[in-house]
Amino acid sequence: MQELKAGVVDLGEGVAIIGNRILIFLSKKEFNSKKGKGILHEIERKEDCNCEEGLCARADERTLSITFLPTMRCNLRCIYCYSDGGWDNRDLCLEDALYVIDQLLKEYPQINKVNLYFAGGGEPLLNFSLIREVVNYLKDKYLKTHIRIVTNGTLILDYIDWLKKNDVYLRISYDGSSHFKTRPGFGFNSEEKIVKTLNTLKDEYPPDKLSVQMTITKFNVLNIPTDVVTLSTLYGIRTVKIEPVQTSCSERSKIVDSPDPLLFSKKMISLFDMIIKEDIEMFIDTSYLSIPSNSYFCSLRNKIVVSPYGLLTPCVEIVKEGVKDDLILWKIDKSKDINFSAIREVQMKNLFKFHYKNYPVCSQCNLSYICKGNCPMRMILRGGLVPYEYNCSIARNLIPEFLNRAYHDERYLKLVFGNSFSVHRECV
Amino acid sequence: MMAIINSLKAKLGIPMVIYSWKKEHIDGKVDENILGAAHPGCCKQ
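For the structure given in this document, a descriptive report is provided here. (Residues numbered from 1 in each chain as written. Chains lettered and ligands numbered in written order. Predicted model: local features only at pLDDT ≥ 70, side-chain atom pairs only at ≥ 80, totals over all residues. Heavy atoms only, no water.)

## Comments concerning the overall build of chain B
Put simply, the rule is: By definition, any uninterrupted DSSP run of H or I lasting at least four residues is a helix, any uninterrupted run of E lasting at least two residues is a strand, and each is numbered from the N terminus. Residue burial is assigned from relative accessible area. The probe radius is 1.4 Å, only protein chains are included, and a residue is buried under 20% of its type maximum, exposed over 50%, and partly exposed in between. Methods summary: accessible areas were calculated by the Shrake-Rupley approach with a probe of 1.4 Å, and residue burial reflects only the protein chains presented.
Along its length, chain B carries three helices and one strand. Ordered by position from the N terminus, the helices and strands of chain B form the series α-β-α-α. Residues counted as buried form 62% of the 45 residues belonging to chain B. For chain B, the exposed surface amounts to about 1,600 Å²; the carbon and sulfur share of it is 55%.

Right under this line is the structure:
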């Protein structure tokens, strides 16, 4: 594994230095001074977090982190679906779900909290009984739960009382002005349904438990700023995750209408400017702007996915055999214990090589601490450490523009990093 | 992290603004609601 170097970004008047869990802004004059050059030396001495330790399915020593895909059934037919939701009626078997929980609790007896993610697959709330039973099972064991559901939003009102009672964090997929085209209902108008849902949630659901996921295609890229600001002004949504659609392993996503990367970057910056100018309270979450670090790799440290096909996998895009079988962590067989050493072996042998530290393009790039090579599945599904120019293009256009604005106005940092950072002002 | 920041202060003493993150934020376990900010993946969930 290569060591990444801290990155220097020329911002015109100033310079940004991006290190591991640190971001420094200073004027170009100061940077070019003898002392300024010393900054790089200082921050490259910092410790490097060991991401190869294999914290399987744990967010930390006392917190399990499990993603369940409750079903492959879906009531929408999204044109870009990464898992061909709705083409198969398979549900996750409750016994399999509880068996995996039991096995993890046996492996990690010190656990007192479980982060539960329910995602697709298909629409998770179509198998609500599994969600409810899994949550009840953990509560009966006196374990704290933090529940998150990624949903298409069409069934939320059917279960809103339970969702509120259990403090469920909802991420609702909604594509704004292109929703009717990109996320059609299977025999019904999904846009009418989602608008009704958002209107109800505005009055009846805690705003800090709601976010919207907006998938960007060529059909809505031009409307990113207005679509997102509308979510805030009409429905009180404070957190929006925005990603351009990309090809996955599913049939439907093999031909996708990805937006032009330059246009996507430009519209994201326009969105940031609009939010700052209008002083809107929002958090924008996008994979191209992550907290600077050289350690995190999404699937490896803390995620395990339980698929309806009886598999444990590192990613929601791998749900069944025949996609990328050497990344399947385990096949569920309730007659024997899960071998967690074998899982770590698969991670070490077949998954860690896709850490962005190993991408030649990232080891040379000054922005890699922030974009982190983007989603490793893009590289994995392409079959090797081949640079993915699409994501690089967005990173190279978006990150410097973003940093340049943050150099002048700290509110831009808060817009994408929330209040996660500390600020130290030296001799300013 | 503070050691690095103090070292920067002591050795350099030039005007700059330093933003820093605790290790916990990188693992997304401090504020799960901003999980995506630390996580590049899960783009299309």
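Moving on from the coordinates now.
## Brief notes about the overall build of chain A
This is how it is decided: With the radius of gyration taken over C-alpha atoms, the globule rule is written as 2.2 Å times the number of residues to the power 0.38. Contact criterion: two residues are considered in contact whenever any of their non-hydrogen atoms come within 4.5 Å of each other. Here the positive residues are Lys and Arg and the negative ones are Asp and Glu; neither His nor the chain ends is included. Note on charges: their place is set at NZ of Lys, CZ of Arg, CG of Asp or CD of Glu.
Per the secondary structure count, chain A includes 16 helices and 15 strands. Taking 2.2 N^0.38 as the reference for a compact globule, 428 residues should give roughly 22 Å; the C-alpha atoms of chain A span a radius of gyration of 22 Å, in line with that estimate. When the backbone C-alpha atoms are referred to their principal axes, chain A occupies close to 65 × 50 × 40 Å. Of all 428 residues assigned to chain A, the portion counted as buried reaches 62%. Considering only intrachain contacts with a sequence separation of at least 6, the fraction spanning at least 24 residues in chain A is 72%. Here chain A contributes 57 positively and 53 negatively charged side chains, and the mean placements of these two sets differ by 2 Å.

## Some remarks on unusual backbone geometry
Excluding glycine, most residues fall at negative phi; most peptide bonds, likewise, are trans. Residue and element names in this part refer to chain A. Following G120, the chain continues to G121 via a peptide bond in cis, the omega torsion being 5°. Secondary-structure assignment places G121 in the loop between β6 (113-118) and α4 (128-140). Of note in the backbone geometry, Y142 takes a positive phi value of approximately 60° without being a glycine. Judged by relative accessible area, Y142 falls into the exposed class, the value being 77%. Although it is not a glycine, D279 adopts a positive phi angle of roughly 55°. Among the structural elements, D279 can be located in the loop between α9 (261-277) and β11 (283-285). D279 sits in the exposed class, given a relative accessible area of 62%.

## Digging into the state of the cysteines
All names here are of chain A. Rule in force here: When two cysteine sulfur atoms lie within 2.5 Å, the pair is treated as a disulfide.
The final tally for this structure, using the stated rule, is zero disulfides over all chains. The structure places no disulfide on C362, whose sulfur is separated from the nearest cysteine sulfur, that of C371, by 5.6 Å. The cysteine C392 is free of any disulfide, with C362 supplying the nearest cysteine sulfur at 6.2 Å.

## What to know about the environment of I101 of chain A
Residue and element names in this part refer to chain A. Within the secondary structure layout, I101 lies in helix α3 (residues 94-107). Each C-alpha atom of the pair I101 and L64 lies 9.2 Å from the other, and the pair is 37 residues apart in sequence. Residues contacting I101, with those up to four places away along its chain left out, are I66, F68, V134, Y137 and L138.

## Examining the nonpolar core
Residues and elements named next belong to chain A. Under the convention used in this document: Nonpolar cores were defined as sets of buried Ala, Val, Leu, Ile, Met, Phe, Trp, Tyr and Cys residues, with membership established by side-chain atoms within 4.5 Å.
If you look at the biggest cluster of nonpolar residues, it comprises 103 residues, and the most contacted ones within it are F272, I284 and L403. Residue contributions to this core peak at eight residues, all from helix α15 (residues 389-408). Setting aside residues up to four positions removed in sequence, L403 forms contacts with V9, L11, A16, I18, L23, F25 and I370. Counting 23 residues, the second largest nonpolar core, distinct from the first, contains L69, A119, V319 and M377.

## Some points on α4 of chain A
All names here are of chain A. The following threshold applies: Helix span, as expected, comes to 1.5 Å for every residue beyond the first. Summarising the geometry, the arc corresponds to the directions from the helix axis toward the C-beta atoms.
With 13 residues, α4 ought to run about 18 Å at 1.5 Å a step, and its terminal C-alpha atoms sit 18 Å apart, in line with that. Among the residues of α4, those classed as buried are F128, L130, I131, V134, V135 and L138. Buried residues along α4 cover an arc of 165° about the axis, so they all sit on one side. Packing partners of the buried residues in α4 comprise β5 (63-68), α3, β6, β7 (144-151) and α5 (160-165). Downstream of α4 by a residue or two, Y142 has a phi angle that is positive, lying close to 60°.

## Focus on the packing of aromatic side chains
In plain terms, the rule: Between 30 and 60 degrees the pair is tilted, below 30 it is stacked and above 60 it is edge-to-face, where a pair is any two Phe, Tyr or Trp rings, Trp via its six-membered ring, whose centres lie within 6.5 Å. Consider the ring centre and the ring normal. A charge sits over the ring if Lys NZ or Arg CZ is within 6 Å of that centre and within 35 degrees of that normal.
Taken as a whole and judged by the stated rule, the model has 12 aromatic pairs over all chains. Residues F128 of chain A and Y159 of chain A carry aromatic rings whose centres are separated by 4.1 Å and whose planes lie at 15° to one another, so their mutual orientation is stacked. Taken together, the residues span a long stretch of sequence, with F128 of chain A in helix α4 and Y159 of chain A in the loop between β7 and α5 at a distance of 31 residues. For F128 of chain A, a relative accessible area of 9% corresponds to the buried category. For Y159 of chain A, a relative accessible area of 25% gives the class partly exposed. Each member of the aromatic cluster is reached from another via a ring pair, and the members are F25, F272, F402, Y407, F417 and F421 of chain A together with Y19 and W21 of chain B. Its end group placed over the ring of F219 of chain A, K181 of chain A keeps NZ or CZ at 4.6 Å from the ring centre.

## Some details on the environment of I216 of chain A
All names here are of chain A. Positionally, I216 belongs in strand β9 (residues 210-216). According to the relative accessible area criterion, I216 is buried, its value standing at 0%. Ignoring sequence-local partners within four residues, the contact set of I216 consists of V221, I224, I242, E243, P244, V245, P259 and F264.

## Let's talk about helix α7 (residues 190-204) of chain A
Side chains of residues three or four places apart in an α-helix project in the same direction, reflecting 3.6 residues per turn. Residues and elements named next belong to chain A. So the rule is basically this: By the criterion applied in these results, polar contacts are pairs of N or O atoms within 3.5 Å in which, for protein atoms, one can donate a hydrogen and the other can accept it, and in which residues neighboring in sequence qualify only through two side-chain atoms.
For α7, which comprises 15 residues, the first-to-last C-alpha distance of 21 Å matches the rise-based estimate of 21 Å (1.5 Å per residue) to within 8%. Those residues of α7 not exposed but buried are S190, I194, T197, L198 and L201. All buried residues of α7 project into a common sector of 100° when viewed along the axis, lining one side. Turned more than 90 degrees away from the buried face of α7 sit E192, K196 and D203, all of them exposed. Buried-residue contacts for α7 involve α5, β8 (169-173), α6 (179-182), β9 and α8 (224-235). The N-cap residue of α7 is N189: its side-chain oxygen and the backbone nitrogen of E191 are 3.0 Å apart.

## Points about the pattern of salt bridges
Residue and element names in this part refer to chain A. Which entries qualify depends on this criterion: What counts as a salt bridge is simple: a side-chain nitrogen of Lys or Arg found within 4 Å of a carboxyl oxygen of Asp or Glu.
Under the definition given, this model contains 18 salt bridges over all chains. The partner of E107 in a salt bridge is R344, and the shortest N-O contact between them spans 3.6 Å. With E107 in helix α3 and R344 in helix α11 (residues 340-351), this pair connects stretches of sequence that are 237 residues apart. Residue D409 pairs with R411 through a salt bridge whose shortest N-O separation is 2.8 Å. Residue classification places R411 among the partly exposed positions, given a relative accessible area of 39%. Shared partners join several salt bridges into a network, and the residues in it are K241, E243 and D285.

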